[in-house]
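Okay, here's what each chain looks like letter by letter:
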Amino acid sequence: MKKILVTGGLGYIGSHTVVELQNSGYQVIIVDNLSNSSLDVLEGITNISKTPPAFERLDLRFKADVSDFFKRNNDIDGIIHFAASKAVGESVENPLLYYENNLNTLIYLLQECNTHEIENFIFSSSCTVYGEPDSLPITEVAPVKPATSPYGNTKQISEEILKDTCSISALKAIALRYFNPIGAHESAEIGELPAGIPQNLVPFITQTAAGVREQLSVFGDDYPTEDGSCIRDYIHVVDLAKAHVIALERLLSEKNDTSAPLSNPNFEVFNLGTGRGSSVLEVVNSFEKTTGEKLNYKIVDRRPGDVISVYADTKKANKVLGWKAEKTMEDALKSAWKWELKVRSGR
Ligand code: NAD
Ligand code: UD1
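**Description of the packing of helix α7 (residues 201-209) against helix α9 (residues 280-291)**
Okay, so step 1: Packing of α7 against α9 leaves a shortest axis separation of 11 Å and a crossing angle of 40°. What the angle tells us is that α7 and α9 run oblique. For α7 against α9, the interelement crossing comes out right-handed. Of the residues in α9, those in contact with Leu201, Val202, Ile205, Thr206 and Ala209 of α7 are Val280, Val283, Val284 and Phe287.
Okay, so step 2: Grouping the amino acids of the contact of α7 with α9 by side-chain chemistry returns eight nonpolar, one polar and no charged.

Below, the structure written as structure tokens:
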């Protein structure tokens, strides 16, 4: 049984990935500092998989603690690194927090990979690295645009750190560029738990429908899109989680693309999206239709920094990984709503 370290495994995407890893027969050890998650998530995971994952509370910003962890756990076969800070606005206000938490943690982990000969590493990147794309759908060879926030910059720098490390060591890494993850596990045992006022669309929608927020603001209806609102590629978090298991299997079976005409075949990037773009108003309508809930919303000014339209070309992930998003927008919104109702009922 391969042992996989999942950093940030109590968070939104990490917890869903832990379940999929367990379902696929992996032994999982989670580390998390609980800065954006809670211990209840362990119970949710265990209720689904019937196997409690090993867990250690660890803050990856403390190098000595990270070293100590790896000394005590010297049988790790691979790492999936989710732990990071992820609020774009907060990163503008407190860039050093973001550079410290998102870059130091990666560096410390990679140093331990070197010391303990761990060769398999999966990293959570983001479609934010593409900025406002020149053409759609976006392929992995599209240029990485100057970052518009310290958060986005940490993802770009992290990819560079990984690429450089892979080129001089035995490390094989895959950076997965997520588009917009939404939804929850269908059991409603785990889901997204935004701290404070949600910044992302779907949690804001479900909280508005649940009466926690008075009104959803739709940021702009004067964009050059069909209905005037922005377009994104919303991907069900369970589909996203499954892609991590497939990417891990690719690393473990050493199928990395050594024939690629790159100086660095041991570092690969994949888009993870559905390939379909949906506008904000389409998401709102779909939510109302799927759940039967009427949503109180109004159109307001554009949100500064928003890109107009972003959706993935998924051919590389489809072909090379053999992975494809299977769930629909309706599946995702239904599960997000079920999760919201469960959270509101006190779990
Ligand atoms: P999340 O905040 O729900 O999960 C991150 C987890 O990491 C949390 O449980 C948090 O407590 C933990 N963590 C943070 N700093 C830590 C540290 N120093 N030591 C140990 N644990 C720490 O976020 P998520 O949505 O699950 O995102 C996971 C990853 O995916 C992040 O790297 C994020 O940047 C990336 N990503 C997320 C999205 C998205 O929309 N959710 C999109 C693109 C990329
Ligand atoms: C944002 C981040 C991105 C990050 C992602 C996941 C920016 C510029 N990008 O993506 O880096 O990876 O979150 O954390 O911040 N919307 C509304 N009303 C709301 C909330 C959102 O209309 O209350 C609209 C937005 O204008 C956007 C769409 O919904 O068009 C999706 O927004 P959001 O969920 O915040 O994701 P992104 O902005 O795509």
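Back to the write-up after that little detour.
**Considerations on the side chain of Ser229**
Okay, so step 1: Residue position: Ser229 is located in the loop between β8 (216-219) and β9 (231-232).
Okay, so step 2: Classification of Ser229 as buried rests on a relative accessible area of 0%.
Okay, so step 3: Ignoring sequence-local partners within four residues, the contact set of Ser229 consists of Gly220, Asp221, Tyr223, Ser279, Val280 and Leu281.

**Brief notes about the site of ligand 2**
Okay, so step 1: Close to ligand 2 lie 20 residues; Leu201, Ser217, Arg232, Arg303 and Asp306 are nearest.
Okay, so step 2: Within the side chain of Thr128, one N or O atom sits 3.4 Å away from an oxygen atom of ligand 2.
Okay, so step 3: Here an oxygen atom of ligand 2 sits 3.2 Å away from a polar atom, N or O, in the side chain of Asn200.
Okay, so step 4: The protein chains hide 87% of the 740 Å² of surface that ligand 2 would expose on its own.
Okay, so step 5: Every element with two or more residues in the shell around ligand 2 is listed here: α7 and β8.
Okay, so step 6: In terms of residues, the shell around ligand 2 owes the most to one element, β8, which gives four residues.
Okay, so step 7: Each of two domains, domain 1 (3-181 + 235-272) and domain 2 (201-231 + 276-345), supplies a minimum of three residues to the shell around ligand 2.

Calculation criteria
- Along every chain, residues carry numbers that run from 1 in the direction the sequence is written.
- Whichever chain is written first becomes A and whichever ligand is written first becomes 1, with later ones labelled in order.
- A pLDDT threshold of at least 70 governs which residues receive local features in this predicted model, and a stricter bar of 80 or more applies before side-chain atom pairs are shown or counted, although totals over entire chains, interfaces and linings include all residues.
- With hydrogens and water set aside, each side-chain value is computed from the structure's full complement of heavy atoms.
- Geometry is summarised by axes, namely lines fitted to C-alpha atoms with helices restricted to the contacting stretch, and by angles between N-to-C directions that run from 0 to 180 degrees.
- Helix and strand assignments follow DSSP, with helices taken as H or I runs no shorter than four residues and strands as E runs no shorter than two, numbered in order from the N terminus.
- When an angle is under 35 degrees it counts as roughly parallel; over 145 it counts as roughly antiparallel; between 65 and 115 it counts as roughly perpendicular; any other value is oblique.
- Each crossing is labelled by how the near helix is turned from the far one, with a counterclockwise turn of less than a right angle marking it left-handed and a clockwise turn marking it right-handed.
- Any pair of residues with heavy atoms lying within 4.5 Å of one another is described as a contacting pair.
- Amino acid classes used here: Ala, Val, Leu, Ile, Met, Phe, Trp, Tyr, Cys and Pro are nonpolar; Asp, Glu, Lys and Arg are charged; the rest, including Gly, are polar.
- Burial classes: relative accessible area under 20% of the type maximum marks a residue as buried, over 50% as exposed, and values in between as partly exposed (1.4 Å probe, protein chains only).
- One heavy atom within 4 Å of a molecule or strand is enough for the residue carrying it to be called near that molecule or strand.
- Under the rule applied, a polar contact is a pair of N or O atoms within 3.5 Å (in protein, one hydrogen donor and one hydrogen acceptor; residues adjacent in sequence only if both atoms are side-chain atoms).
- Using the Shrake-Rupley algorithm and a 1.4 Å probe, accessible areas are obtained, with residue cover drawn only from the displayed protein chains.
- Note that domain bounds follow an automatic or database assignment of domains.

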